[in-house]
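# Understanding the architecture of this molecule
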Amino acid sequence: MKFRKAAALLMAVVTAAMAVTGCSQGSDDSKKESSEGGTVTVEFWTAPQQVQYDFWEGKAQAFNETKTQVNGKTIEVKVQQMPESPSSEAGIQNAIATGTAPAVSENINRGFAATLAASEVVYDLSEEDWFNEVIEARQMGDTMEGWAIDGAQYVLPVYVNPMVWQWNLDGLEALGYSEAPETIAEFTEILTAFGENKDALAEVGVTHSFYRPSLQRSDQYWDRWYDFMMPYFAISQGKSIVEGTELTMDQESAVKAMEVIGTFGNTIQQGELSSIWVEEKPSVLVTINAPWEISLYRENNKVYGEDYVYGPSLVENEGDTPYCFADSKGLTFYKTDNISEDEHSGAVEFVKWVYNAENSAQTDLEWLEATTMLPVRGDLNENEAFTEVMGEYPELSALAEWIPYAMPGLATDKDADIWTSFTEQAMSPYINEVMNSEPGSAPDAASYVEAGMEAMKSAGGLS
């Protein structure tokens, strides 16, 4: 599901294949018409997850029963899962190259959208009236600024997992704290106490401060979205990292974000473990939250507010906005020669129906109940349609508070290269030093960040 380093190479293959097959993106005359039997068949690809396929298949069946037409032809939406191997992104790129792309798919993050936009194979939705009506119906205005790519909008966001800290309440209480920290100073105080109270922590089963086996794994570059970008956004107060072809990352904030991780010291658990939070006594004080595991926690009788609690991305000063990383994906419409104008129009009609003012709340409620992933909308804790489910899932209600502050990933087709190089030149060597330090006292990260930024520039072709 994650965008691999091979994406850049695959795009070269896509371009070559499109040249061979005569795929000129500006030629509307070459687009085929699909009018056989008076129907327009619209291909919709879901993420390679059964729960998401089931959700969209149900929506397609309900829509097909409306017998909606375009140009006198009845729209029929057909749903299938996108290829998963070697990655869903590679599957989409291969489909574009071979003339088998769907009219619309979900499962697109901002970084991959930038790749597709650079190849001019997706539609800019920003000036579409229906798109802006959906944004208004879902109260997504604040969210969309973070999704812009060179002033355009190529994705209709579907879900968002605000990435914050997940704290072991027994561990916090063993250290004398009843609430998750909100500032770096509070966090440092807790980690200092961790190093001084290991016997008390052992009584509740806590042996390590933080679980993060990927910190030195450059091949797992995407984890930098969570363990670096999350604190960076909070400390920098939402400053960008890359804009166009320029590295805009604030160096001082980047150093402080690295040192948040460095504060864990030699008590980081880096060995691969199964889900820590289903253990009778979780062995770590804190992890990065995993909203997709909420159902698993519940199956193992883990109760939010009793066993674990979420805490915001750490800010430097009390009252600062707790910006965080948005694990978020959405829908994209493809603009390739194998997709007729009627097919595109049919795809738009389907998505309009799913998310119009009349249906959007019910659609998002059904999505939330099916996936336990938060839909992208600004009224989850105020809209009566969600009152019951939010009352039943206080953990989701808590996460919803951070949706307005959740920022998507980089708008660049060099995302993989940039974070791989950062891990190699900054994160990995820094963690080597961190593992020789005591919790509560982070090593100076300045030289590592400087080296990392130079590597990011080189890998991403940035100035």
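For clarity, every value in this text was computed on a predicted model and none was experimentally measured. Every chain is numbered independently, its residues counted from 1 as its sequence is written. Per-residue local features of the predicted model are confined to residues with pLDDT of at least 70, and side-chain atom pairs are confined, for both listing and counting, to 80 or more; whole-chain, interface and lining totals are unaffected and use all residues. Neither water nor hydrogens contribute to the side-chain values; these are computed over all heavy atoms in the structure.

This brings us to the overall build of the protein chain. Numbering of helices and strands runs from the N terminus, with a helix taken as a DSSP run of H or I at least four residues long and a strand as a DSSP run of E at least two residues long. Secondary structure summary: the protein chain contains 19 helices and 14 strands in total. Radius of gyration: C-alpha atoms only; globule rule: 2.2 Å multiplied by the number of residues to the exponent 0.38. Taken against the 2.2 N^0.38 rule, which gives 23 Å for 463 residues, the C-alpha radius of gyration of the protein chain at 23 Å falls within 12% of a compact globule. Dimensions of the protein chain, computed from the C-alpha atoms along their principal axes, are close to 75 × 50 × 35 Å. With a 1.4 Å probe rolled over the protein chains alone, any residue whose accessible area is under 20% of its type maximum counts as buried; one over 50% counts as exposed, and the rest are partly exposed. Evaluated residue by residue, the protein chain yields a buried proportion of 57% over its 463 residues. Put simply, of all contacts in the protein chain between residues at least 6 apart along the chain, 78% involve residues at least 24 apart. Looking at the protein chain as shown, the accessible area adds up to about 18400 Å², and 43% of this sits on carbon and sulfur atoms. Residues counted as positive are Lys and Arg, residues counted as negative are Asp and Glu, and His and the chain ends are not counted. Charge positions come from single atoms, namely NZ of Lys, CZ of Arg, CG of Asp or CD of Glu. Placing the 26 positive and 75 negative side-chain charges of the protein chain at their respective mean positions leaves the two points 6 Å apart. We call two residues contacting when some pair of their heavy atoms lies within 4.5 Å. Accessible surface is estimated by sampling points in the Shrake-Rupley manner with a 1.4 Å probe; for residues, cover comes only from the protein chains shown.

Before going further, it helps to examine the packing of helix H18 (residues 415-434) against helix H19 (residues 446-460). Simply put, an axis is a line fit to the C-alpha atoms, just over the touching stretch for a helix, and the angle between two N-to-C directions goes from 0 to 180 degrees. Between H18 and H19, the least distance of the axes is 7 Å, while the angle of their chain directions is 160 degrees. For the element pair H18 / H19, the angle class is roughly antiparallel. The handedness of the crossing between H18 and H19 is right-handed. Of H19, the residues touching H18 (which contributes Asp 417, Ile 418, Trp 419, Ser 421, Phe 422, Gln 425, Ala 426, Pro 429, Tyr 430 and Glu 433) are Tyr 448, Ala 451, Gly 452, Ala 455, Met 456, Ala 459 and Gly 460. An angle below 35 degrees is treated as roughly parallel, one above 145 as roughly antiparallel, one from 65 to 115 as roughly perpendicular, and anything else as oblique. In this scheme the handedness of a crossing depends on how the near helix is turned from the far one: anticlockwise by less than a right angle means left-handed, clockwise means right-handed.

Grouped together as the largest cluster of nonpolar side chains are 149 residues, with contacts concentrated most on Phe 228 and Trp 419. Considering each element in turn, this core owes the most residues, nine residues, to H18. Among all residues touching Phe 228, those that are not within four sequence positions of it are Met 249, Ala 254, Ala 257, Met 258, Trp 419, Phe 422 and Met 427. To define a nonpolar core, start from buried Ala, Val, Leu, Ile, Met, Phe, Trp, Tyr and Cys residues and group those joined through side-chain atoms within 4.5 Å.

Any Lys or Arg side-chain nitrogen found within 4 Å of a carboxyl oxygen on Asp or Glu counts as a salt bridge. Counted by the stated rule, this structure contains 15 salt bridges. Between Asp 364 and Arg 377 there is a salt bridge, with the nearest N and O atoms lying 2.8 Å from each other. Linking Asp 364 in helix H15 (residues 360-371) with Arg 377 in the loop between H15 and helix H16 (387-392), this pair joins segments that are 13 residues apart in sequence. Relative accessible area serves as the criterion here: at 1%, Asp 364 is assigned to the buried category. Judged by its relative accessible area of 3%, Arg 377 is buried. Among the charged side chains, a network of salt bridges with common partners joins Arg 138, Asp 364, Arg 377 and Asp 379.

Further remarks concern H18. Because each turn of an α-helix spans 3.6 residues, side chains separated by three or four positions in sequence point in the same direction. At every residue, the bend is computed as the angle between two fitted axes, covering the seven residues ending there and the seven beginning there respectively. Maximal helix bending in H18 amounts to about 45 degrees, located at Thr 423. Most of H18 is tucked away: 15 of the 20 residues are buried.

All right, on to the pairing of strand E11 (residues 284-288) then. Here E11 lies mainly inside the structure; five of its five residues are buried. As paired elements, strand E6 (residues 165-168) and E11 share three bridges and run antiparallel to each other. Its bridge partner lying in E11, Gln 166 is registered against Thr 287. At least two DSSP bridges between two strands are required for those strands to pair. Of the strand pairs in this sheet, strand E7 (residues 208-211) and E11 are connected by two bridges, and their pairing is parallel. Each bridged residue has a counterpart across the sheet, and for His 208 the counterpart in E11 is Val 284.

Let us now look at helix H3 (residues 88-98). Taken across its 11 residues, H3 has nine buried, putting it largely inside the fold. The complete set of buried residues in H3 reads Ser 88, Glu 89, Ala 90, Gly 91, Ile 92, Gln 93, Ala 95, Ile 96 and Ala 97. At the C-terminal side of H3, Gly 99 shows a positive phi close to 75 degrees.

Turning our attention to the sheet that holds E7. As a general point, the strands of a sheet are linked pairwise by backbone hydrogen bonds and lie either parallel or antiparallel. Spatially, five strands are ordered E10-E7-E11-E6-E12 in an open sheet, and the strand pairing comes out mixed. Each edge of the sheet is formed by a strand with only one pairing partner; in this case those strands are strand E10 (268-269) and strand E12 (308-311).

Below, the discussion takes up unusual backbone geometry. The phi torsion at Gln 139 lies on the positive side, around 50 degrees, for a residue other than glycine. Tracing the backbone through its elements, the reader meets Gln 139 in the loop between helix H5 (129-137) and helix H6 (141-144). Residue classification places Gln 139 among the partly exposed positions, given a relative accessible area of 47%. Backbone geometry at Asp 150 places phi at a positive 50 degrees, although glycine is not the residue there. If you trace the backbone, Asp 150 turns up in the loop between H6 and strand E5 (156-163). The exposure class assigned to Asp 150 is exposed, which follows from its relative accessible area of 75%.

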